Amino acid sequence: MLYITDKISIQDWELTEQFIRASGPGGQNVNKVSTAVELRFEAERSPALSPAVKNRLRKLAGRRWTKEGALILFCDETRSQIRNRDLVRERLAELIRQALVAPKRRIATKPTRGSVQRRLTAKKQRSDLKSTRGKFNDD
């Protein structure tokens with residue numbers, strides 16, 4: 001079980017871990033031991049998350065979200081399988097915590113009268129400056 005907050009936890013059936021061989025440094029160890037972790041979280045079927053949280057999680061996940069509604073995370077940072085497993089689980093928990101925070105709604109406001117006046121004055125000055133440019137008539 002993976003604990004996200006006091007009220008939200010992910011059950012083991014929602015997570016699938018697959019260990020694969022990692023690339024990079026490690027010598028003979030790389031060729032023999034499967035240390036990289038691919039974690040698959042069945043987010044769309046998860047009863048722990050509300051539909052709004054699932055939508056925000058889908059946006060945060062980007063390309064890591066599959067058509068079936070699963071979130072796939074990958075980690076091969078260390079040479080230790082256990083450490084990579086802990087890292088990828090912590091990343092999943094952090095991603096879900098970010099999705100739990102609802103964004104603030106923007107309140108539309110009007111510009112102040114002074115800011116509108118300053119903008120129009122600046123536009124008029126710029127227009128006057130540009131109107132003095134151009135061809136010079138010498139009659």
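Residues numbered from 1 in each chain as written. Predicted model: local features only at pLDDT ≥ 70, side-chain atom pairs only at ≥ 80, totals over all residues. Heavy atoms only, no water.

Peer 1: I would appreciate a short explanation of the sheet that holds strand β4 (residues 36-41) in the present structure.
Peer 2: Taken in spatial order, the three strands make up an open sheet running β3-β4-β5, and their pairing is antiparallel. Here the strands that pair on one side only, and so sit at the sheet edges, are β3 (15-20) and β5 (71-75). This sheet shows a mean twist of 15 degrees between the axes of neighbouring strands, independent of strand direction. Looking at chain direction, β4 and β5 are connected through five bridges and run antiparallel. Considered in β5, the bridge of Val 37 is made with Cys 75. (Pairing = 2+ DSSP bridges. Helix = DSSP H or I, 4+ residues; strand = E, 2+ residues; numbered from the N terminus. Axes fitted to C-alpha atoms, helices over the stretch in contact; angles between N-to-C directions.)

Peer 1: Just checking my understanding: could you explain the pairing of β4 for this structure?
Peer 2: Both faces of the sheet carry side chains from a regular strand, because those side chains alternate between them. Two strands pair when backbone bridges link them, and β3 and β4 are joined in this way by six bridges, in the antiparallel orientation. Each bridged residue has a counterpart across the sheet, and for Gln 18 the counterpart in β4 is Glu 38.

Peer 1: Would you explain the nonpolar core in this entry?
Peer 2: The nonpolar side chains of a soluble globular protein tend to be buried with one another. One finds Phe 41, Leu 57, Leu 71, Leu 92 and Ile 96 to be the most contacted residues of the largest nonpolar core, which totals 24 residues. At seven residues, helix α3 (residues 81-100) tops the list of elements feeding residues into this core. Sequence-distant contacts of Ile 96, that is, excluding residues within four places in its chain, are made with Ile 4, Ile 10, Phe 41, Leu 49 and Leu 57. (Core = buried A, V, L, I, M, F, W, Y, C linked by side-chain atoms within 4.5 Å. Buried < 20%, exposed > 50% of the residue type's maximum accessible area, 1.4 Å probe, protein only. Contact = heavy atoms within 4.5 Å.)

Peer 1: Would you explain helix α2 (residues 51-61) in this entry?
Peer 2: Two residues of an α-helix separated by three or four positions point the same way, owing to the 3.6 residues in each turn. All buried positions along α2 are accounted for by Val 53, Lys 54, Leu 57 and Ala 61. Projected down its long axis, α2 shows its buried positions confined to an angular sector of 100 degrees, all on one face. Facing away from the buried side of α2 by more than 90 degrees, the exposed set consists of Pro 51 and Lys 59. Where α2 is buried, its residues contact β4, β5 and α3. Gly 62 sits one or two positions beyond α2 and adopts a positive phi of about 65 degrees. (Arc of directions from axis to C-beta.)

Peer 1: Please clarify how the packing of α2 against α3 should be interpreted in this entry.
Peer 2: Packed helix pairs are specified by the crossing angle of their axes together with the interaxial distance, meaning the distance between the axes. Taken N-terminus to C-terminus, the directions of α2 and α3 make an angle of 120 degrees; their axes are 8 Å apart at the nearest point. Between α2 and α3, the interaxial angle falls into the category oblique. As α2 packs across α3, the resulting crossing turns out to be right-handed. Facing Val 53, Arg 56, Leu 57 and Leu 60 of α2, the residues of α3 in contact are Leu 95, Ile 96, Gln 98, Ala 99 and Leu 100. Tallied by class, the residues present in the contact of α2 with α3 amount to seven nonpolar, one polar and one charged. (Parallel < 35°, antiparallel > 145°, perpendicular 65-115°, else oblique. Left-handed = near helix turned anticlockwise from the far one by under 90°. Nonpolar A, V, L, I, M, F, W, Y, C, P; charged D, E, K, R; others polar.)

Peer 1: When you look at the pattern of salt bridges in this model, what are you seeing that I'm missing?
Peer 2: Where charged atoms of side chains with opposite charge meet at close range, the side chains can pair. Using the criterion set out here, one finds nine salt bridges in the structure. For the salt bridge of Arg 40 with Glu 68, the shortest nitrogen-to-oxygen distance reads 3.6 Å. Separated by 28 residues along the polypeptide, Arg 40 in strand β4 and Glu 68 in the loop between α2 and β5 bring together distant segments of the chain. The exposure class assigned to Glu 68 is exposed, which follows from its relative accessible area of 55%. Of the charged contacts in the structure, one is a salt bridge between Arg 58 and Glu 44, with a shortest N-O distance of 3.1 Å. Here Arg 58 is found in helix α2, whereas its partner Glu 44 is found in the loop between β4 and α2, with 14 residues between them in sequence. We classify Arg 58 as partly exposed; its relative accessible area is 33%. (Salt bridge = Lys/Arg side-chain N within 4 Å of Asp/Glu carboxyl O.)

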